[in-house]
Amino acid sequence: MKQLDTLRFCELLQLPLQEVREGLKAARSYSRVKASPLVQNLSTQELATIQDNLIDFPGFSIKARMARSYRTENMAHALGYVGSITPGLLQSERFAKYLPGDFVGVNGLESFYEQQLMGRRGVQYKMVNVRGIEKGAFRNGEFDTLSVAGQDLHTSIDIELQKYGEMLMKNKRGYIVAIEPKTGEILAMVSAPAYEPSILTGKGMGNRYMELQNDTTKPLFNRPLMAKYSPGSVFKVVNELVALQMGVVTPQTAFDCNWKLVRCTHRHEYPSNVGIAIKQSCNPYFYQVMRATVLRGRSANRFEDSRLGLADWRHKVMAFGLGDKLGVDIRSEIGGLVPSPEYYDKRLKTRRWNYKTVYSLSIGQGELSVTGLQMANIMAIVANRGWYYTPHFVRGIGTGGPLPQYTVRRTVGVDAQHFEAIIPGMQAVVDGRGGTGENASLLDVGISVAGKTGTVQNYHGEDHATFAAFAPAEDPKIAIAVFIENAGFGGSSAAPMASLMMEKYLRGKVAPWRHRWEVWLQSPASRFIRRHR
């Protein structure tokens, strides 16, 4: 390649001069005789332009190749994106059959199912001279093999529900995760703010990626899988189930709403049983439930008794899929935190701590953190009365089913009868008079909802709003978790948003009188704060 009119070449393809120079330098470094990709993902117009002028650029040729594109404007965080394979990955045994310029899944389903989507490369043996110039097929192609196309993936995403959720989460930060409880299939996963999948395709993708990367709202951040939030009062359900299974409380156990232990959310009726305690989200009640779980007199030393009790409590809580990755079919998932005795030893630099140090865990605060996927999965567990399948996006690969790990039924070690004891209280949260989640009620369209509100303390600004639920309560078909940053009380914004999502999925439409919610919920989160106050 000599006397290249670099300036004209750049004008035809509308490329920066520096980018072309760096590309040519990399090509020479790779080989002076073998071809290297210089410009990829040409549009139809760009292809036509360069084709007509290719004779003026000897040494350049056009090579057709397969590319991935997205027809939807939604679910960008689940789909992920592809990019050119890096020199580092080419050194990996996993990518031994890839070549420079090949595309590889970088994130999302594109990455997790790269092997299934890529298929198998065909092999063609050719004879070359000492300079690497091709001289024809080796032994008339006797050893050549055909390529095998990648397999289709069939996802469980309900695209209309996904679109609806993304619309509702406009102007906000947070997530919505909806799961089909009986299968673990993910129906919708909204991370807000979002972006269109097509932005990270085609020529110029690198520049657009950097724009997203530098965006202060962090649209690339996959909040349902990567953000750790305190679960707030939704976690009281888990604490109660653990206590019931251990036999330290019964459904009829009463505890005073004693504000000297911990401040309650509001003044309410006496929590004479677990149903009323859940309905009113009574903080002192669940403080005492967890205290009964942790302090059991295993040791005469009160510090050691707290250590032993917390370790046992942690083991039972983690059976709900908390404190570790669930194993969804996207690699960027994190595990959250269920703190251990050793965690507090290290943090406090002493073993002399007791229940008063960790009591915030009883109301879903303190050091406890979960992901959005884990929150929705808690509701799936309650809906199923004690079991779940690992949440997943892909229900079928080719003509087969999902990967084997998504067909294993997992139990949490709590008897079904204990779930039956708390579900009426969760129904009262939504459908009972004066429940904290009454804005999520769908009784007017004949659907019973069981749920729990949450208001997560935020020491850096306004509290976060959350709500988790499942419906219909008697035969659940959807479990959902909604989290809106800096939106205050969960019953004012997260609860009605969850109800709209559940109604949309179960009925395929939303009652006309709830359209006002659709409009209002697209407002910035700060508006919900003003309304609540």
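Because the structure is predicted, anything quoted here is derived from the model rather than measured.

Chemist: Hey, could you run me through the packing of aromatic side chains in this one?
Modeler: Any pair of aromatic rings gets described here by the distance separating the centres and the angle formed by the planes. Per the counting criterion, the structure on display carries 18 aromatic pairs. Taken together, the ring pairs connect Phe9, Phe57 and Phe60 into an aromatic cluster. Stacked on the ring of Trp259, the Lys or Arg Arg267 has its end atom at 4.0 Å from the ring centre. Positioned above the aromatic ring of Tyr164, the side-chain terminus of Lys504 is 5.0 Å from the ring centre.

Chemist: What is the right way to read empty space enclosed by the protein from this model?
Modeler: One simple way to see leftover space: roll a probe sized like a water molecule over the atoms. In total, this model carries one cavity of 30 Å³ or more according to the counting rule given. What lines the largest cavity is simply Met75, Ala76, His77, Gln162, Glu166, Met189, Val190, Ser191 and Ala194. Of all the secondary structure elements, the ones that give two or more residues to the lining of the largest cavity are helix 4 (76-79), helix 8 (159-168) and strand 7 (185-192). The element best represented in the lining of the largest cavity is strand 7, accounting for three residues. Residues belonging to the lining of the largest cavity are distributed by class as follows: five nonpolar, three polar and one charged.

Chemist: What should I look at first to understand a positive patch on the surface in this one?
Modeler: Taken together, the side chains of Arg291, Arg302, Arg352 and Lys356 make up a positively charged region of the molecular surface. Assignment of secondary structure puts Lys356 in helix 16 (residues 355-358).

Chemist: Explanation requested: the layout of surface pockets in the structure shown.
Modeler: By volume, the second largest pocket amounts to about 430 Å³. As for the second largest pocket, its lining consists of 17 residues, and the residues nearest its centre are Cys264, Thr265, Asn283, Thr455 and Gln457. Per-element tally for the lining of the second largest pocket: the top contributor is strand 11 (residues 450-456), with three residues. Of the residues assigned to the lining of the second largest pocket, the class counts are three nonpolar, 12 polar and two charged.

Chemist: Honestly, helix 11 (residues 236-246) in this entry has me stumped. Any pointers?
Modeler: Given 3.6 residues per helical turn, the α-helix brings residues three or four places apart onto the same face. Among the 11 residues that make up helix 11, 10 are buried, leaving the element largely enclosed by the rest of the structure. All of the buried residues in helix 11 are Lys236, Val237, Val238, Asn239, Glu240, Leu241, Val242, Ala243, Leu244 and Met246. If you follow the buried residues of helix 11, they end up packed against helix 12 (274-280), helix 13 (283-294), helix 14 (302-318), helix 17 (372-383), helix 18 (416-431) and strand 11. Immediately downstream of helix 11, the backbone of Gly247 shows phi near 80 degrees, a positive value.

Chemist: What should I look at first to understand unusual backbone geometry in this one?
Modeler: Residues apart from glycine generally show negative phi values, whereas peptide bonds are mostly found in trans. A cis amide bond links Ala192 with the next residue in sequence, Pro193, at an omega value of 0 degrees. By the secondary structure assignment, Pro193 is in the loop between strand 7 and helix 9 (205-214). The peptide bond linking Ala471 to Pro472 adopts the cis configuration, its omega dihedral lying at -15 degrees. In this fold, Pro472 is placed in the loop between strand 12 (464-471) and strand 13 (478-484). One non-glycine residue, Gln14, lies in positive phi territory at about 50 degrees. As for its position among the elements, Gln14 is in the loop between helix 1 (6-13) and helix 2 (17-30).

Chemist: How should the pairing of strand 13 be read in this particular structure?
Modeler: If a strand is regular, its side chains alternate between the two faces of the sheet. A large share of strand 13 lies buried, amounting to seven of its seven residues. Looking at chain direction, strand 6 (residues 174-180) and strand 13 are connected through six bridges and run antiparallel. Within strand 13, the residue paired with Ala178 across the bridge is Ile480. As paired strands, strand 12 and strand 13 are joined by seven bridges and run antiparallel to one another. What sits directly across from Phe467, in strand 13, is Val482. Between the end of strand 12 and the start of strand 13, which pair antiparallel, lie six residues.

Chemist: Before we go on, may I ask you to explain a nonpolar patch on the surface in this structure?
Modeler: On the surface, a cluster of nonpolar side chains totalling about 430 Å² of accessible area is made up of Val123, Tyr125, Met127, Phe138 and Phe143. Positionally, Tyr125 belongs in the loop between helix 7 (114-118) and strand 3 (126-128). For Tyr125, a relative accessible area of 41% corresponds to the partly exposed category.

Chemist: Where do I start with the environment of Thr357 in this structure?
Modeler: Here Thr357 shows up in helix 16. Accessibility expressed as a relative area gives 33% for Thr357, which makes it partly exposed.

Chemist: What am I meant to see in the pattern of salt bridges here?
Modeler: Proximity of charged atoms lets side chains of opposite charge pair with each other. Inspection of every chain in the model, using the stated rule, returns 19 salt bridges. A salt bridge links Glu342 to Arg307, with the shortest nitrogen-to-oxygen separation between them at 3.9 Å. With Glu342 in helix 15 (residues 341-348) and Arg307 in helix 14, this pair connects stretches of sequence that are 35 residues apart. In this structure Glu342 comes out as partly exposed when scored by relative accessible area, which is 49%. With a closest N to O distance of 2.7 Å, Glu503 and Arg514 form a salt bridge. With Glu503 in helix 19 (residues 494-507) and Arg514 in the loop between helix 19 and helix 20 (515-521), this residue pair connects regions lying 11 residues apart in the sequence. In this pair, the class of Glu503 matches that of Arg514, namely buried. By sharing partners, the salt bridges in this structure join Glu304, Arg307, Glu342, Asp345 and Arg351 into a single network.

Chemist: Is there a simple way to think about the nonpolar core in this case?
Modeler: A general tendency of soluble globular proteins is for nonpolar side chains to be buried together. In terms of nonpolar packing, the biggest core is built from 123 residues, with Trp313, Phe393, Ile422 and Phe470 touching the most fellow members. Among the elements that make up this core, the one with the highest residue count is helix 17 (nine residues). Counting 10 residues, the second largest nonpolar core, distinct from the first, contains Leu13, Val20, Leu24 and Phe57.

Chemist: Quick question: what am I supposed to make of the state of the cysteines here?
Modeler: Where two cysteines share a covalent bond between their sulfur atoms, that bond is called a disulfide. Throughout the structure, instances matching the rule amount to zero disulfides. Looking at Cys264, it has no disulfide partner, and the nearest cysteine sulfur is the one in Cys257, 3.7 Å off. Residue classification places Cys264 among the buried residues on the basis of a relative accessible area of 4%.

Chemist: When you look at the sheet that holds strand 12 in this model, what are you seeing that I'm missing?
Modeler: Strand pairs in the sheet, formed through backbone hydrogen bonds, run parallel or antiparallel to each other. Strands sit in the order 7-6-13-12-11 across an open sheet of five strands; the sheet is antiparallel. Two strands in the sheet have a free side with no partner beyond their single neighbour: strand 7 and strand 11. This sheet shows a mean twist of 5 degrees between the axes of neighbouring strands, independent of strand direction. Sheet topology places strand 6 next to strand 7; seven bridges connect them, and they run antiparallel. Bridging across to strand 7, Ile179 finds its partner in Ile186. Those strands touched by helix 19 are strand 6, strand 7, strand 12 and strand 13, and its axis lies near 145 degrees from that of strand 13.

Rules behind the numbers
- Residues numbered from 1 in each chain as written.
- Predicted model: local features only at pLDDT ≥ 70, side-chain atom pairs only at ≥ 80, totals over all residues.
- Heavy atoms only, no water.
- Phe/Tyr/Trp six-rings, centres within 6.5 Å; stacked < 30°, edge-to-face > 60°.
- Lys NZ or Arg CZ within 6 Å of the ring centre and 35° of its normal.
- 1 Å grid on protein atoms, 1.4 Å probe; cavity = no way out; pocket = protein on both sides within 12 Å on 5 of 7 lines; lining within 4 Å.
- Points joined across faces, edges and corners; volume = space filled by probe spheres on them.
- Helix = DSSP H or I, 4+ residues; strand = E, 2+ residues; numbered from the N terminus.
- Nonpolar A, V, L, I, M, F, W, Y, C, P; charged D, E, K, R; others polar.
- Patch = residues over 30% accessible without salt bridge, like charges linked within 9 Å, V, L, I, M, F, W, Y side chains within 5 Å.
- Areas by Shrake-Rupley, 256 points an atom, 1.4 Å probe, with all protein chains shown as cover.
- Salt bridge = Lys/Arg side-chain N within 4 Å of Asp/Glu carboxyl O.
- Lys, Arg positive; Asp, Glu negative; His and termini not counted.
- Charge placed at Lys NZ, Arg CZ, Asp CG, Glu CD.
- Buried < 20%, exposed > 50% of the residue type's maximum accessible area, 1.4 Å probe, protein only.
- Contact = heavy atoms within 4.5 Å.
- Pairing = 2+ DSSP bridges.
- Core = buried A, V, L, I, M, F, W, Y, C linked by side-chain atoms within 4.5 Å.
- Disulfide = S-S within 2.5 Å.
- Axes fitted to C-alpha atoms, helices over the stretch in contact; angles between N-to-C directions.

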